[in-house]
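Secondary and tertiary structure notes
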Amino acid sequence: MKTNAQAVVIGGGVIGCSILYHLTKSGWSDVVLLERDELTSGSTWHAAANIHGLHDSTNISRIQHYTMTLYKELEAETGQSCGVFQPGSLYLAQTEEREHQLRLQAAKAKLYGMNFYEISIEEAQRLNPLVNYDGIRCVMYEPDGGNVDPSGVTNAYAVGARQRGAEIHRFTPVTATDQQEDGTWIVRTPKGDIQTPWVVNAAGLWGREVAMLAGIELPLQPTEHQYFVTETMADVAAHDTRLPSVSDRDGEYYLRQEGQGLLVGAYEKDMKFWAEDGTPLDFAHDLFPDDLERIEENMMNAIERVPAVGDAGIKRVINGPMIWSPDANVLMGPVPEVDGYFCCNGIIPGFSQSGGMGLMAAQWIIEGETQYDMFAWDVARFDTWATKDFTKARVQDQYAHRFAIHFPNEERSAGRPARTRPIYDWQKDMGAVFGLNVGWEHPLWFAEAPGATDTNGFTRQNWWEPVGAECRMLRDRAGIIDISNFAKYVCKGPGAEGWLNAVFANSMPRSVGRSCLTPLISKRGGIAGDFTVTRVADDEFWIIGSGMAERYHKRFFKQVPLPDGTRFESRTEETCGFNVAGPKSREILQRLTNTSLSPEDFPFMRSQQIEIAGIAVLALRVSFTGDLGWEAHCAAKDQLRLYEALIETGKEFGAGPVGSRALMSLRIEKGYGSWGREYSPEYWPHEVGLDRLCKFDKSFLNKDAANSAMTSPAREQLVLLHLDEADTAASNADATGGEPIFMDGRGIGRVTSGAYGYSVGMSLALGYVSGAEAGDRVEVMVLGRPHRATILKEPPFDPTGTILRG
Ligand SMILES: Cc1cc2nc3c(=O)[nH]c(=O)nc-3n(C[C@H](O)[C@H](O)[C@H](O)COP(=O)(O)OP(=O)(O)OC[C@H]3O[C@@H](n4cnc5c(N)ncnc54)[C@H](O)[C@@H]3O)c2cc1C
């Protein structure tokens, strides 16, 4: 066994082997995989191994699409069979919501050149006559859907990796991972140690235990999961081609041909956790006792749809473990606090995703960034707030609703509240309907009375009118928005200005009381973040950024060493904030402070440390609503007193609380982008309109990448669209994000955010397009159906910024 390697992958399941394969394919041949038993000894060997291409998330669809096409190539390359069957998959819609979901996915497939389209019931019947199509509203067909052989695929990756120089050691358990002073790792095994700059945790069911060897706690929880295979069925045997699989997701089961019978798997409501206190080290090619009673309800659903299942004998039951994260997506990426430690854990559809996941992991490790924005998979989206109890509650909910539709704006209640701020009860009494934001309870909108909850769907829901009332109140008078969920940092010391200038693309404010907006540039020259930086003293700056990206941004901040005597610290937990915005905001705040808020004394983009209602706040004259307004940030202990004062004084002016759904609509009326939607590492500064904030007369993080991106022509442009009233009124729906945009039948882009603009009376969407310009007529695929729209020249609210600067 070697003693040094470029990377050591721990775990020889399908994911570890794919990462190893993709590392070698990307040019790293000096890599090693260590497996404590035989390859496939975790979840991999007993998987049903179905493969699907389409997903609600566009980037996950791209990854699944890549994976599905890779298996045949892998066979050809390695000579190792992957046991690929691609008889196609039939997706059935029983409800209107499922139809909306499938139509939207079909529209995305058309945009991205993937194979997923509607077929008639007659055609579906011809392809799979075992299915009872009664009550089915529409059927989508994915010709490449099917299944693979789990150990064939894993071994094919292993063969491919070995052919390119990788070493694989079976029966070699990793017993310790010790980080050295120079940042490299010693990976210890009974057969010897290996030194490496990169440890890759792909230990599947043992992901938690392997992470703990490095002192890392991962929010993961295993569950049992069952499927059964029937005896030979005459109807199946009689069919002259292999039957397409059936995705009848409203029934929470999956069904496909296996041999001359069928395989049926279920995500039951009465789910069962396993190994809550840790995965046993002596578990390998083991299964649990059958427990078909637990999945009886799902089996009945399957029998109703495919009656022949009811007459078939059961040949074999597989009840095995799989390991979940709180949102059922992988926990992937370099751990922000630990150099050289890469996680890839908690994967549910490993066979649909292994190829793309291995590719993304290799890009991340070797190039420092993935080609797609992978925030939905980034381990940094969770932190210590995702406790064991939270993880269990969310996993239970995810498991029992595995195939439920995840609606836009949906907020699941499991495991909440996880974290609350001092005004939580007050907001609750005021009718706040909360969402989960980095673990915090955060008001989305305010109902007339406490206790209201969201209804869910792709169309306009119960919150649509109340959110409209909040928007109109703010634009006509004023609104008070809780913005405590922003990430806040302080940088203090003699080197603060120099360090911030070395991190951010814009030049830092030169005088106290001034603020600037600045992008953070990613490795490939894209937008890794957008921040407001305010100079509060000669040697002190406040930095405000996206709350959900705080842990993600740590990776960037630590790339520039802090000068001696200068500190950079998060203040997110101990600081809360409100945005008071709207034409009456100045009068409301002026009532509560002796500091003059006149346009001359407190102009736009300036800041002051002032008192509001006797409470010390940092007041910033900025507003994400696009309206006249201030942000006021205070100590968390003062949050309640400040809120009471703002709400009480606001009442006199007809102002009240406003939630984050209204903020979403207001910022779109103004055409403002938001991190994670319009701003992501996939987009270059000039595509997003942030190029003017990149200053090339100084150095900053990833400046060369920004320069090379910005000297290339924009691939796409961020635009604001106005959807025709007739179409949105007819469907009672607005764009929400992800909808493809077509022009003359040609796919030209996609929506990143959408909302009704209540104060301007327009259904609006922000999105990226290529080959189209202001004034062009396009079609936005809301609910997967064409909605006519126009690309706007300027935002409908305050295009000149007069109100904002007023
Ligand atoms: C019943 C069932 C049905 C499924 N059906 C499907 C399906 O239809 N489609 C689909 O896409 N997915 C399916 N899955 C999920 C799929 O099996 C997983 O997503 C996938 O196998 C995860 O692979 P992995 O490599 O991450 O983990 P694992 O397969 O768990 O592999 C981890 C490996 O790490 C090794 N290891 C652990 N600790 C150490 C150590 N200290 N040192 C060295 N090695 C170590 C283990 O021995 C193991 O081999 C199913 C799962 C189950 C349980």
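The preceding data block contains the structure.
Report on the accompanying structure.

What counts, and at which threshold
Residues numbered from 1 in each chain as written. Predicted model: local features only at pLDDT ≥ 70, side-chain atom pairs only at ≥ 80, totals over all residues. Heavy atoms only, no water. Helix = DSSP H or I, 4+ residues; strand = E, 2+ residues; numbered from the N terminus. Rg over C-alpha atoms; globule rule 2.2 N^0.38 Å. Buried < 20%, exposed > 50% of the residue type's maximum accessible area, 1.4 Å probe, protein only. Axes fitted to C-alpha atoms, helices over the stretch in contact; angles between N-to-C directions. Parallel < 35°, antiparallel > 145°, perpendicular 65-115°, else oblique. Left-handed = near helix turned anticlockwise from the far one by under 90°. Contact = heavy atoms within 4.5 Å. Nonpolar A, V, L, I, M, F, W, Y, C, P; charged D, E, K, R; others polar. Core = buried A, V, L, I, M, F, W, Y, C linked by side-chain atoms within 4.5 Å. Disulfide = S-S within 2.5 Å. Expected span 1.5 Å × (residues − 1). Pairing = 2+ DSSP bridges. Phe/Tyr/Trp six-rings, centres within 6.5 Å; stacked < 30°, edge-to-face > 60°. Salt bridge = Lys/Arg side-chain N within 4 Å of Asp/Glu carboxyl O. Near = heavy atom within 4 Å. Polar contact = N/O pair within 3.5 Å; in protein donor to acceptor, adjacent residues only side chain to side chain. Areas by Shrake-Rupley, 256 points an atom, 1.4 Å probe, with all protein chains shown as cover.

Some words on the overall build of the chain
- Along the backbone of the chain there are 22 helices and 38 strands.
- Scaling as 2.2 N^0.38, a compact globule of 806 residues should have a C-alpha radius of gyration of about 28 Å, and the chain matches this with 27 Å.
- Considered along the principal axes of its C-alpha atoms, the chain spans approximately 85 × 65 × 50 Å.
- Taking all 806 residues of the chain together, 62% fall into the buried category.

Quick word on the packing of helix α2 (residues 58-78) against helix α5 (residues 150-163)
- The interhelical angle for the contact between α2 and α5, taken along N-to-C directions, is 50°, at an axis separation of 10 Å. Put simply, α2 runs oblique to α5. Of the two possible hands of crossing, α2 and α5 adopt the one that is left-handed. Here Leu70, Tyr71, Leu74, Glu77 and Thr78 of α2 come into contact with α5, specifically with Val153, Ala156, Tyr157, Val159, Gly160 and Gln163.
- Considering only residue class, the contact of α2 with α5 consists of seven nonpolar, three polar and one charged.

Things to note about the nonpolar core
- Ile19, Leu23, Tyr157, Met332, Phe342 and Cys344 are the most contacted members of the largest nonpolar core, which has 49 residues in total.
- Breaking this core down by element, the ones donating at least two residues are β1 (7-10), α1 (14-25), β2 (31-34), α2, α5, β19 (341-345) and α10 (350-367).
- It is α10 that provides the largest number of residues to this core, a total of eight residues.
- The contact partners of Phe342, leaving out residues within four places of it in the chain, are Trp198, Val199, Val200, Asn201, Met332, Gly333, Pro334, Ala361, Trp364 and Ile365.
- Ala496, Cys516, Leu766 and Tyr768 belong to the second largest nonpolar core, which has 42 residues in total.

Overview of the state of the cysteines
- The final tally for this structure, using the stated rule, is zero disulfides.
- Between Cys516, a free cysteine, and Cys694, which holds the nearest cysteine sulfur, the sulfur-to-sulfur gap is 12 Å.
- You can call Cys516 buried: its relative accessible area is 9%.

What about helix α3 (residues 96-112)?
- The end-to-end C-alpha distance of α3 is 24 Å, a good match for the 24 Å that 17 residues give at a rise of 1.5 Å each.
- Burial analysis of α3 places 13 of its 17 residues in the buried class, the great majority of the element.
- Residue Gly113 follows α3 closely and has a positive phi angle near 70°.

Here's the deal with helix α18 (residues 660-669)
- Of all ten residues making up α18, nine are buried, and the element is well covered by its neighbours.
- Positive phi appears at Gly671, one or two residues downstream of α18, with a value of about 80°.

Some details on the sheet that holds strand β8 (residues 167-169)
- The strand order β8-β2-β1-β12-β19-β18 describes an open sheet built from six strands, whose pairing is mixed. Both outer strands of the open sheet, β8 and β18 (331-334), are each paired with one neighbouring strand and no more. With strand direction ignored, the average angle separating the axes of adjacent strands in the sheet is 15°.
- In the packing of α10 onto the sheet, contacts are made with β12 (199-201), β18 and β19, and the angle to β18 comes to roughly 20°.

Considering the sheet that holds strand β29 (residues 607-612)
- Strand order in the open sheet made by the six strands is β29-β30-β31-β28-β22-β32, with mixed pairing throughout. Where the open sheet ends on each side, the last strands, each with one partner, are β29 and β32 (656-658). Neighbour-to-neighbour, the strand axes of this sheet turn through a mean angle of 30°, independent of strand direction.

Some thoughts on the packing of aromatic side chains
- Per the counting criterion, the structure on display carries 39 aromatic pairs.
- A centroid spacing of 6.4 Å and a plane angle of 70° characterise the contact between Trp198 and Phe342, whose relative ring orientation is edge-to-face. Of this pair, Trp198 sits in the loop between β11 (192-196) and β12 while Phe342 sits in strand β19, and the two are 144 residues apart along the sequence. Of the two residues, Trp198 and Phe342, neither departs from the other in class, the shared state being buried.
- Ring centres 6.0 Å apart and planes at 75° place the aromatic pair Phe504 and Phe557 in the edge-to-face group. Taken together, the residues Phe504 in the loop between α14 (496-503) and β24 (515-521) and Phe557 in helix α15 (residues 550-557) connect sequence positions 53 residues apart. For the pair formed by Phe504 and Phe557, the shared burial category is buried.

Things to note about the pattern of salt bridges
- All told, the structure shown has 53 salt bridges when counted by the stated rule.
- Arg412 serves as the salt-bridge partner of Asp397, at 2.5 Å between the closest nitrogen and oxygen. Taken together, the residues span a long stretch of sequence, with Asp397 in helix α11 (residues 388-400) and Arg412 in the loop between α11 and α12 (424-429) at a distance of 15 residues. You'll find Asp397 and Arg412 in the same group, each marked buried.
- The salt bridge partner of Arg750 is Glu716, with a shortest N-O separation of 2.8 Å.

Details of the pairing of strand β26 (residues 540-545)
- Burial runs high along β26: six of the six residues are buried.
- Judged by which residues are buried, β26 turns out to be covered on both faces: Glu540, Trp542 and Ile544 on one side and Phe541, Ile543 and Gly545 on the other are all buried.
- Examined bridge by bridge, strand β23 (residues 487-492) and β26 share six bridges and lie antiparallel to one another. Paired with Lys488 across the strands is Ile544, a residue of β26.

What about the site of the ligand?
- The immediate surroundings of the ligand are formed by 39 residues, with Glu35, Arg36, Thr44, Ile347 and Phe351 found nearest.
- Here an oxygen atom of the ligand and a side-chain polar atom of Arg36 are 2.7 Å apart.
- Between the ligand and Ala49 there is a distance of 2.9 Å, counted from an oxygen atom to a backbone nitrogen or oxygen.
- Relative to its unbound accessible area of 1,000 Å², the ligand is 96% covered by the protein chains.
- Secondary-structure elements contributing two or more residues to the shell around the ligand are α1, β13 (221-230), β17 (314-324) and α10.

None of this, on its own, says anything about what the molecule does.
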